[in-house]
Amino acid sequence: MLGYFGNQEASDKTFNRHGYMMSGDLGSVDAQGNLRIAGRVKDLIIRGGHNIYPSRIEALALTHPGIERAAAFPVADDRLGEKVCLAITGKAKPEELLSHLAAEGLSKFDMPEWFIALDSLPLTASGKILKSALTEQAKSGEIQPQAVRYVAKEV
């Protein structure tokens, strides 16, 4: 693609100086050379003015052996604007998962404050998790996340 027809401004925002399209996808390449898409740059939760990147929470959650899939999505909050909800498929208790996230280096400011374990997560036709559907399901009461709080263990 050379750019957006008749819209140089959009082309300038989308392509870097080398001509590569900046899709906004975040990913990594494993030892076998396989590309794994982990999230999107614009995927952001703002909690009381603090930017939280769901893709980081999800990537750390997926290092837990009991987690099959993970999705961090925003839940509306009257005081802070948004809070993080972590939805998973797999076998992990909330307290265990929060401790795991802390051990993996997740800041206490980025910790999920809501948690829900589901049998399956809503997916697009291409297999991506539909976080917008999770947000709407939580808002409508179709799914009911439980409040969780990370408490650092004293040494």
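Residues numbered from 1 in each chain as written. Predicted model: local features only at pLDDT ≥ 70, side-chain atom pairs only at ≥ 80, totals over all residues. Heavy atoms only, no water.

A word on the pattern of salt bridges
For step 1, the next point in the chain: In the structure shown here, the tally under the stated rule is five salt bridges.
For step 2, the next point in the chain: Between Lys83 and Asp77 there is a salt bridge, and its shortest N-O distance comes to 3.6 Å. As far as burial versus exposure is concerned, Lys83 and Asp77 are alike and both buried.
For step 3, the next point in the chain: A salt bridge links Glu113 to Lys83; the nearest nitrogen and oxygen atoms lie 3.7 Å apart. (Salt bridge = Lys/Arg side-chain N within 4 Å of Asp/Glu carboxyl O. Buried < 20%, exposed > 50% of the residue type's maximum accessible area, 1.4 Å probe, protein only.)

Section: the confidence of the model for the protein
For step 1, the next point in the chain: Averaged over the protein, the pLDDT score is 90; the fraction of residues at 70 or greater is 95%.
For step 2, the next point in the chain: Model confidence for the protein, summarised as mean pLDDT per element, is weakest for strand E2 (residues 35-40) at 68 and strongest for strand E7 (residues 114-117) at 98. (pLDDT = per-residue confidence, 0-100. Helix = DSSP H or I, 4+ residues; strand = E, 2+ residues; numbered from the N terminus.)

A closer look at the sheet that holds strand E8 (residues 146-147)
For step 1, the next point in the chain: Read across the sheet, four strands follow the order E5-E6-E7-E8 without closing on themselves; strand pairing throughout is mixed. The open sheet has two edge strands with one neighbour each: strand E5 (67-77) and E8.
For step 2, the next point in the chain: Strand contacts of helix H2 (residues 54-61): E5 and strand E6 (81-90), with the helix running at about 145° to E5, the strand carrying the most contacts. (Pairing = 2+ DSSP bridges. Contact = heavy atoms within 4.5 Å. Axes fitted to C-alpha atoms, helices over the stretch in contact; angles between N-to-C directions.)

Regarding helix H3 (residues 94-103)
For step 1, the next point in the chain: Within the sequence span of H3, burial applies to Pro94, Leu97, Leu98, His100 and Leu101. Looking straight down H3, one finds that the buried residues subtend no more than 160° of arc, so they occupy a single side. Residues of H3 that are exposed and point over 90 degrees away from its buried face: Glu95 and Ala103.
For step 2, the next point in the chain: At its buried positions, H3 is contacted by H2, E5, E6, E7 and E8.
For step 3, the next point in the chain: The positive-phi residue at the C-terminal boundary of H3 is Gly105, with phi of around 105°. (Arc of directions from axis to C-beta.)

Some details on the layout of surface pockets
For step 1, the next point in the chain: What the second largest pocket holds in volume is close to 300 Å³.
For step 2, the next point in the chain: In terms of lining residues, the second largest pocket is bounded by Arg47, Lys108, Phe109, Met111, Pro112, Glu113, Val148, Arg149, Tyr150, Val151 and Ala152.
For step 3, the next point in the chain: Residue composition of the lining of the second largest pocket, grouped by class: seven nonpolar, no polar and four charged. (1 Å grid on protein atoms, 1.4 Å probe; cavity = no way out; pocket = protein on both sides within 12 Å on 5 of 7 lines; lining within 4 Å. Points joined across faces, edges and corners; volume = space filled by probe spheres on them. Nonpolar A, V, L, I, M, F, W, Y, C, P; charged D, E, K, R; others polar.)

Regarding the packing of H2 against H3
For step 1, the next point in the chain: One way to put it is that H2 packs onto H3 with a least axis distance of 9 Å and a crossing angle of 105°. Relative to H3, the element H2 lies roughly perpendicular. Two secondary-structure elements touch here, H2 through Ile57, Leu60 and Ala61 and H3 through Leu97, His100 and Leu101.
For step 2, the next point in the chain: Of the residues in the contact of H2 with H3, the class split is five nonpolar, one polar and no charged. (Parallel < 35°, antiparallel > 145°, perpendicular 65-115°, else oblique.)

Focus on the nonpolar core
Soluble globular proteins tend to bury their nonpolar side chains together.
For step 1, the next point in the chain: Counting residues in hydrophobic clusters, the biggest one holds 19 residues, and the most contacted among them are Ile57, Leu86, Ile88, Leu97 and Leu101.
For step 2, the next point in the chain: When contributions to this core are tallied by element, the ones reaching two or more residues are H2, E5, E6 and H3.
For step 3, the next point in the chain: Apart from the residues within four sequence positions on either side, Ile88 is in contact with Ile67, Arg69, Ala70, Leu97, Phe115, Ile116, Ala117 and Leu118.
For step 4, the next point in the chain: The next biggest cluster of nonpolar side chains, apart from the first, holds ten residues, and it includes Ala71, Phe73, Ala87 and Leu134. (Core = buried A, V, L, I, M, F, W, Y, C linked by side-chain atoms within 4.5 Å.)

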